[in-house]
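Coordinate inspection notes
Listed below are the residues making up each chain.
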Amino acid sequence: CAATNETVSLSRASGTQLTIIHYVVASRELRVVPRMGLNLPLYSTSGGRALLALECDDDVRLMVGEAWPELTDKTIKTLPQLLTLIHEVRKTGISYDRGETLEGISTMAVALDTLFGRFSVSLLVPTSRFQKNEAAYREEMLRCKEALIREIGKTAAVEG
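The rules behind these values
- Residues numbered from 1 in each chain as written.
- Predicted model: local features only at pLDDT ≥ 70, side-chain atom pairs only at ≥ 80, totals over all residues.
- Heavy atoms only, no water.
- Helix = DSSP H or I, 4+ residues; strand = E, 2+ residues; numbered from the N terminus.
- Rg over C-alpha atoms; globule rule 2.2 N^0.38 Å.
- Buried < 20%, exposed > 50% of the residue type's maximum accessible area, 1.4 Å probe, protein only.
- Contact = heavy atoms within 4.5 Å.
- Areas by Shrake-Rupley, 256 points an atom, 1.4 Å probe, with all protein chains shown as cover.
- Lys, Arg positive; Asp, Glu negative; His and termini not counted.
- Charge placed at Lys NZ, Arg CZ, Asp CG, Glu CD.
- Axes fitted to C-alpha atoms, helices over the stretch in contact; angles between N-to-C directions.
- Parallel < 35°, antiparallel > 145°, perpendicular 65-115°, else oblique.
- Left-handed = near helix turned anticlockwise from the far one by under 90°.
- Nonpolar A, V, L, I, M, F, W, Y, C, P; charged D, E, K, R; others polar.
- Pairing = 2+ DSSP bridges.
- Expected span 1.5 Å × (residues − 1).
- pLDDT = per-residue confidence, 0-100.

Looking now at the overall build of the chain. Helices and strands together make up the secondary structure of the chain, namely 4 helices and 6 strands. Seen in sequence order, the chain has helices and strands lined up from the N terminus as β-β-β-α-α-α-β-β-β-α. What you see for the chain is a C-alpha radius of gyration of 15 Å, in line with the 15 Å of a compact globule of 160 residues. The C-alpha extent of the chain, read off along each of the three principal axes, is 50 × 40 × 30 Å. Put simply, the chain has 160 residues, and 44% of those count as buried. Intrachain contacts of the chain at a sequence separation of at least 6 include 58% that bridge at least 24 residues. Summing over all exposed atoms, the chain offers an accessible surface of approximately 8,700 Å²; the carbon and sulfur share of this is 54%. Looking at charge distribution, the chain has the averaged site of its 19 positive side-chain charges lying 4 Å from that of its 20 negative ones.

Let us look at the packing of helix H2 (residues 57–64) against helix H3 (residues 79–92). At a minimum axis distance of 11 Å, the contact between H2 and H3 shows a crossing angle of 125 degrees. Comparing their axes, H3 and H2 come out oblique. The interaxial crossing formed by H2 with H3 has right-handed handedness. Residue-level inspection shows Asp 57, Val 60, Arg 61 and Val 64 of H2 in contact with H3, the latter providing Leu 79, Leu 82, Leu 83, Ile 86, His 87 and Arg 90. By residue class, the composition of the contact of H2 with H3 is 6 nonpolar, 1 polar and 3 charged.

Right, let's get into the sheet that holds strand S3 (residues 39–41). Within a sheet, adjacent strands bond to each other through the backbone by hydrogen bonds, running parallel or antiparallel. Spatially, the 6 strands line up as an open sheet ordered S3-S2-S1-S6-S5-S4, and their pairing is antiparallel. Unpaired on one side and paired on the other, S3 and strand S4 (95–98) mark the two borders of the sheet. Between one strand and the next, the sheet's axes are offset by a mean angle of 35 degrees, whatever the strand orientation. Summarising the sheet, strand S1 (residues 7–14) and strand S6 (residues 117–126) pair through 5 bridges and their orientation is antiparallel. Residue Ser 11 lies in a different strand from S6, and its bridge partner there is Ser 120. Packed on one face of the sheet, helix H4 (residues 127–152) meets S4, strand S5 (105–114) and S6 and runs near 10 degrees to S5.

Let's shift gears to the pairing of S4. As defined by bridge partners, S4 adjoins S5 across 4 bridges and the pair is classed as antiparallel. What sits directly across from Tyr 96, in S5, is Met 108. Taking the residues that link successive antiparallel strands as the turn, the S4-S5 hairpin has 6 residues, and the phi of Gly 99 there is positive, at about 75 degrees.

The phi torsion at Asn 5 lies on the positive side, around 55 degrees, for a residue other than glycine. Residue classification places Asn 5 among the partly exposed positions, given a relative accessible area of 26%.

A word on H3. Spanning 14 residues, H3 covers 20 Å between terminal C-alpha atoms, matching the ideal 20 Å at 1.5 Å per step. For H3, the elements touching its buried residues are helix H1 (46–52), H2 and S4. Phi turns positive, to about 85 degrees, at Gly 93, one or two residues after H3.

Looking now at the confidence of the model for the chain. The share of residues in the chain with pLDDT of 70 or more is 95%, and the mean pLDDT across the chain is 90. Least confident of the elements in the chain is S3, whose mean pLDDT is 88; most confident is H1, at 97.

Before going further, it helps to spend a moment on the environment of Tyr 23. The topology assignment puts Tyr 23 in strand S2 (residues 17–24). Those residues within four positions of Tyr 23 in sequence are excluded, and the remaining contacts are Val 8, Ser 9, Pro 34, Arg 35 and Met 36.

Take the environment of Val 60 next. Note that Val 60 resides in helix H2. Among residues more than four places away in sequence, those in contact with Val 60 are Leu 52, Glu 55, Leu 82, Leu 83, Ile 86 and Arg 90.

Here it is as structure tokens:
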């Protein structure tokens with residue numbers, strides 16, 4: 001939050017939903033303020049898709065369920081669309097929501113697979129500012145992820 005002066009949230013998966021468990025709100029005038037405990041669909045949120053990218057495609061199908069409510073006119077509507085986005089997250093390490101969950105709000109997220117569980121860290125930004133600063137935000141989010149993993153520790157990959 002300090003590096004970007006934007007709101008940051010910490011979330012985890014709860015069934016088919018992403019649950020915000022902590023956040024730090026930016027100090028600027030135009031800012032995004034999430035509600036604690038707010039549940040949003042895994043399929044439409046950057047934090048949810050970052051977490052889904054840690055799963056195999058078959059588990060993604062199970063986790064997102066069958067109902068795909070359209071939250072905005074930009075919300076993805078099919079499993080193939082979702083899997084395409086998740087494959088991109090697996091390559092880049094970062095997920096995006098460009099107004100798919102809340103109109104006028106864009107987010108980017110990284111997943112943390114830690115000794116304490118799986119979490120996502122999301123940057124929540126008004127879309128107009130997000131578009132202008134996306135590259136800088138991406139760099140800060142990846143730096144944040146690396147720092148958190150160093151501090152907390154990550155799970156060891158299981159061979160098998």
